[in-house]
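Coordinates in review
What follows is each chain in one-letter form.
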Amino acid sequence: MKTEVIRIDENNIDMEAIRKAGEILKQGGLVAFPTETVYGLGGDALNESSSAKIYEAKGRPSDNPLIVHITNMEALAGIVSYIPEEAYLLAEKYWPGPLTMIFNKSDAVPLTTTGGLETVAVRMPSHKTAQALIDAAGGYVAAPSANRSGRPSPTVAKYVIEDLEGRVDMIIDGGEVNIGLESTIIDLTGSCPTILRPGFITEAMLKEAIGQIDVDKTIIDNNSGQAPKAPGMKYRHYAPRGNLTIVEGEPEEVIKYINEKIGVLKKDGIKTGVIAADETAGRYLGDEVKSAGKREDEEAAAKHLFRILREFDDDEVQVMFAESFPHRGIGQAVMNRLLKAAGHQVVQV
Ligand code: TXA
Ligand code: MG
């Protein structure tokens, strides 16, 4: 398949190009596009065969459900069987934006889109290009992150092209995304709203809107003995090709530990990388040392993490170490992704 790559500026949207992309989706084709969180791999959410194509292009197990993207509340009513009160409160505050809510689905949504589940995940993105595309496609676009299964989610079009060229009809390049980590997912189908995946909309922000909420234990703790409630969270994910270890402790101890390890690895001719903060990046001896931003800036870490993991792959870094980041706010989401990327290899020093 020949993939057309087009550039669309969010602030000056080329509606002719959007119309063409929308037409591809309406015909059952696939279009990758930017959102405020990460790039998405879009297909018509109400078309069974489109969902099947998404799974194939991504190389994703088909029991892993897709998020349906919409642009207005009327559209929500068409795909769910019931809208709980909390959904209105959350939508009021955080839609459009980086929040996905899970509902009981209506018959309009094929089981191929939901990975066989009777529930459906729905998100209203704030990215203007995404919104224009969804409208042009008829209102319902199923879109997982636009990476091959298991790889870090793409935050720039370059990595969408790397993963999906030849496998989708069109890729819309909208430059670098804003947030850099996937949306927060909250399940509204149980007795208490439950966070299944942390993201930019934090636990505190959700509590502010609806009061009591639970958090799926598997989000940070690998040893909870439970299976994650979001099927996609059980897979090894976001993984760089090399081996990644997170090192936690006092900054001076962390630097000393990592540099000692690097010294040994270098003697064996192994290429090393370090994910650090601005304050410490200059202290490491790794072949490649990348800063995720200022130590106390979790939003910067969120924005840069996936790109750094991809760059290490580009440069064939074999062994990587990462400092730990503060867990507050979006830091919880950063650490959730970093722990997965590291296959939960953590060293305390
Ligand atoms: O920010 C995002 O959410 C991005 C952009 C493109 O919107 N999308 C995204 O999709 O991250 P994906 O497919 O990579 O992740 C969706 C996650 C998976 O872990 C999946 O298992 C979970 O959502 N999920 C989807 N539908 C679900 C459902 N009905 N019940 C439980 N988990 C669900
Ligand atoms: Mg994904």
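Residues numbered from 1 in each chain as written. Chains lettered and ligands numbered in written order. Predicted model: local features only at pLDDT ≥ 70, side-chain atom pairs only at ≥ 80, totals over all residues. Heavy atoms only, no water.

Overview of the overall build of the chain
Secondary structure assignment for the chain yields ten helices and 16 strands. The dimensions of the chain, computed from C-alpha atoms along their principal axes, are 60 × 50 × 35 Å. When each of the 349 residues of the chain is scored for burial, the buried share is 58%. Accessible area of the chain: about 14,200 Å², with a carbon and sulfur share of 47%. Charge centroids of the chain, computed over 38 positive and 51 negative side chains, lie 4 Å from each other. (Helix = DSSP H or I, 4+ residues; strand = E, 2+ residues; numbered from the N terminus. Buried < 20%, exposed > 50% of the residue type's maximum accessible area, 1.4 Å probe, protein only. Areas by Shrake-Rupley, 256 points an atom, 1.4 Å probe, with all protein chains shown as cover. Lys, Arg positive; Asp, Glu negative; His and termini not counted. Charge placed at Lys NZ, Arg CZ, Asp CG, Glu CD.)

Regarding the environment of M1
Counting through the fold element by element, M1 comes out in the segment before β1 (4-7). Taking the relative accessible area as the measure of exposure, M1 reaches 59% and is therefore exposed. As a C-alpha pair, M1 and R167 span 166 residues in sequence and 6.2 Å in three-dimensional space. Among all residues touching M1, those that are not within four sequence positions of it are G166, R167, V168 and D169. (Contact = heavy atoms within 4.5 Å.)

Thoughts on helix α7 (residues 203-210)
Within the sequence span of α7, burial applies to L206, A209 and I210. Summarising the axial view, the buried residues of α7 lie within an arc of 75°, below the 170-degree limit, and thus occupy one face. Counted as exposed and oriented over 90 degrees from the buried face of α7: A204 and E208. Contact partners of the buried residues in α7: α4 (85-94), β5 (99-104), β9 (184-187) and β10 (194-197). (Arc of directions from axis to C-beta.)

Overview of the pattern of salt bridges
Taken as a whole and assessed by the stated rule, the structure comprises 20 salt bridges. For E16, the salt bridge goes to R19, with nearest N and O atoms at 2.9 Å. Here R19 and E16 lie together in helix α1 (residues 15-26), a separation of three residues that amounts to about one turn. Residue class for E16 comes out partly exposed when judged on its relative accessible area of 48%. With a shortest N-O distance of 3.9 Å, E288 and K271 are connected by a salt bridge. Taken together, the residues E288 in strand β14 (residues 288-291) and K271 in the loop between α8 (251-267) and β13 (272-276) connect sequence positions 17 residues apart. One continuous salt-bridge network, built from bridges that share partners, spans K271, E288, K290, R307 and E311. (Salt bridge = Lys/Arg side-chain N within 4 Å of Asp/Glu carboxyl O.)

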